[in-house]
Each structure stands twice: as structure tokens, then as C-alpha cells.
Amino acid sequence: MSETIEIAVPPGVVYDAVTNVADMGRWSPECTGADVKGDELARRVTPGMKFTGHNRSPKRPWSTQCTVTAAEPGERFTFLAKGVGLRVAIWSYRFESLDSGRATKVTETWIDQRGWFMHFIGPKVSGIHDRATHNRRTMEVTLQRLKESLEKEHHAT
């Protein structure tokens, strides 16, 4: 499932914001941020980089262990999220240049990777029973907040 929005800032700016996973809580209604492993925080995002994603629902907080699988500056960012060592989801962001590089079409994609055990335990951990509907709503909110924040910051400079 995917959601798309156009943001009136260059693709590199949007890419840098999204790949700063520690800041995702600024926009997401569910993800509160992330901790990047070791000294990787100081380096540019690369495939293989690991981070712990932190999430919350009205029921409780939980974390996922994430591994970056694609990191193409200004074009694509993808990571695999696992819980208790089992696949949960693939999250991907595609950045397409618009208006001669002055704007970006951002597409956020969620691919459910849960097996039977995660389908069973997930609602008990998160309190979310219809994950697909919930994620569509949170993706819409995340992208809209990202747009508002980046356009405000970029056009204020």
C-alpha cells in the first residue's frame, strides 16, 4: 500500500529529512523516533545500517529492529522492520524530482511482511487490529506533516 504527496522543496532536502530516522517522530502519529546503532549516527545512511524504531499506540509503546536495504540520496530509502527477530514490514520512500528540481513527489510504501505469529501477536502488542487501514491513515498524516514542516522551514530561509 502506498500514499503520495507533493512537497515544494528539492528531493535532497526531503530525502535528508526522511533518512534522519531519529526525527521521524516529528511527523508520524505512531513512530516516535529511532536510535541508530553505534557510530552510524554520524555517517550518511547506507544499506546495512541498523536502527531501533520506537512506536506508540494508545495501548502501549513497542520497538522494531530495522535494517536499511536501499539508500539512494534524493531517490529512494527502504528498510526492513523486524520484531522479536521476525519480519514485520518493509517501509520504502521514493523521491521524484518535480518542477526542475524545486519540488518532490514523495511516495511512502508499506509492505506487510508479517507471518501468522506476528498477525496473532501484533494486535495484542499494539492494540491495532486493522493494521492496513491504520497504516494508510498514519501514512497520510505523516506525509502531510512532513510537507508542512519542510515547506515552512525551506521557504523561511
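One numbering rule holds for all chains: residues counted from 1, following each sequence as written. Where totals are concerned, whole chains, interfaces and linings use all residues; where local detail is concerned, this predicted model gives features only for residues with pLDDT of at least 70, and gives and counts side-chain atom pairs only at 80 or more. Hydrogens and water molecules were not included; the side-chain quantities draw on all heavy atoms of the structure.

(A) Summary view of the environment of Asp 35. In this description a helix means any DSSP run of H or I spanning at least four residues, a strand means any run of E spanning at least two, and both kinds are numbered starting from the N terminus. Along the polypeptide, Asp 35 turns up in strand 2 (residues 31–36). Distance in space between the C-alpha atoms of Asp 35 and Ser 100 is 35 Å, their sequence separation being 65 residues. Among residues more than four places away in sequence, those in contact with Asp 35 are Phe 51, Thr 52 and His 54. Side-chain polar atoms of Asp 35 contact the side chain of His 54, separated by 2.6 Å. For this analysis, residues touch if any pair of their heavy atoms sits within 4.5 Å. In protein, a polar contact requires one atom able to donate a hydrogen and another able to accept it; more generally it is a pair of N or O atoms within 3.5 Å, and residues adjacent in sequence count only if both atoms are side-chain atoms.

(B) View of the sheet that holds strand 5 (residues 76–83). Here, strands pair whenever DSSP counts at least two bridges between them. If you walk across this open sheet you meet the seven strands as 1-7-6-5-4-3-2, and the pairing is antiparallel. Taken across any chain shown, the strands that pair with only one partner, and hence form the sheet edges, are strand 1 (2–7) and strand 2. The sheet shows a mean angle of 25° between the axes of neighbouring strands, direction not considered. Lying on the sheet, helix 1 (residues 11–19) is in contact with strand 1, strand 4 (61–72), strand 5, strand 6 (86–98) and strand 7 (103–112); it crosses strand 6 at an angle near 160°. A fitted line through C-alpha atoms represents every axis, and for helices the fit uses only the stretch in contact; the resulting angles, taken between N-to-C directions, go from 0 to 180 degrees.

(C) Local environment of the pattern of salt bridges. Whenever a carboxyl oxygen of Asp or Glu lies within 4 Å of a side-chain nitrogen of Lys or Arg, that contact is scored as a salt bridge. According to the stated counting rule, one finds eight salt bridges in the structure shown. Of the charged contacts, one joins Arg 76 and Glu 72 as a salt bridge, the two residues approaching to 2.5 Å between their closest N and O atoms. Here's how the labels work: a residue is buried when its accessible area is under 20% of the maximum for its type, exposed when over 50%, partly exposed in between, all with a 1.4 Å probe on protein chains only. Exposure remark for Glu 72: the relative accessible area of 28% places this residue in the partly exposed category. Here Glu 151 makes a salt bridge to Lys 147, at a shortest N to O gap of 2.9 Å. Of this pair, Glu 151 and Lys 147 both sit in helix 3 (residues 131–156), separated by four residues, roughly a single helical turn. Under the relative-accessibility criterion, Glu 151 is labelled buried at 19%.

(D) Representation of a positive patch on the surface. Where like charges cluster on the molecular surface, the positive patch consists of Lys 37, Lys 50, Lys 82 and Arg 87. As for its placement among the helices and strands, Lys 37 is situated in the loop between strand 2 and strand 3 (50–56). Patch membership requires over 30% relative accessible area and the absence of a salt bridge. Like charges are linked within 9 Å, and nonpolar side chains (Val, Leu, Ile, Met, Phe, Trp, Tyr) within 5 Å. The method behind every accessible area is Shrake-Rupley, applied with a 1.4 Å probe, and residues are considered shielded solely by the protein chains displayed. His is not counted, nor are the chain ends, whereas Lys and Arg count as positive and Asp and Glu as negative. The atom standing in for a charge is NZ when the residue is Lys, CZ when it is Arg, CG when it is Asp and CD when it is Glu.

(E) Seen up close, the packing of aromatic side chains. Ring pairs are drawn from Phe, Tyr and Trp, using the six-membered ring of Trp, whenever the two centres fall within 6.5 Å, and their geometry is named by plane angle: stacked under 30 degrees, edge-to-face over 60, tilted for the rest. For the structure on display, the rule yields five aromatic pairs. Relative to Phe 79, the ring of Phe 77 lies with its centre 5.6 Å away and its plane at 45°, an arrangement referred to as tilted. A single burial state applies to Phe 77 and to Phe 79, both of which are buried. On the basis of an interplanar angle of 80° and a centroid distance of 5.8 Å, the ring pair of Trp 116 and Phe 117 is categorised as edge-to-face. On the basis of relative accessible area, Phe 117 is assigned to the partly exposed category, the value being 34%.

(F) Spotlight on the pairing of strand 3. Inspection of the sheet shows strand 2 paired to strand 3 by five bridges, in the antiparallel sense. If you follow Ala 34 over to strand 3, its bridge partner there is Gly 53.

(G) Summary view of the side chain of Thr 78. Looking at the secondary structure, you find Thr 78 in strand 5. Its relative accessible area of 8% is what places Thr 78 among the buried residues. Side chain to side chain, Thr 78 and Ser 92 meet in a polar contact 2.7 Å long. With sequence-adjacent residues up to four places away left out, Thr 78 is seen in contact with Thr 67, Val 68, Thr 69, Ala 70, Ile 90, Trp 91 and Ser 92.

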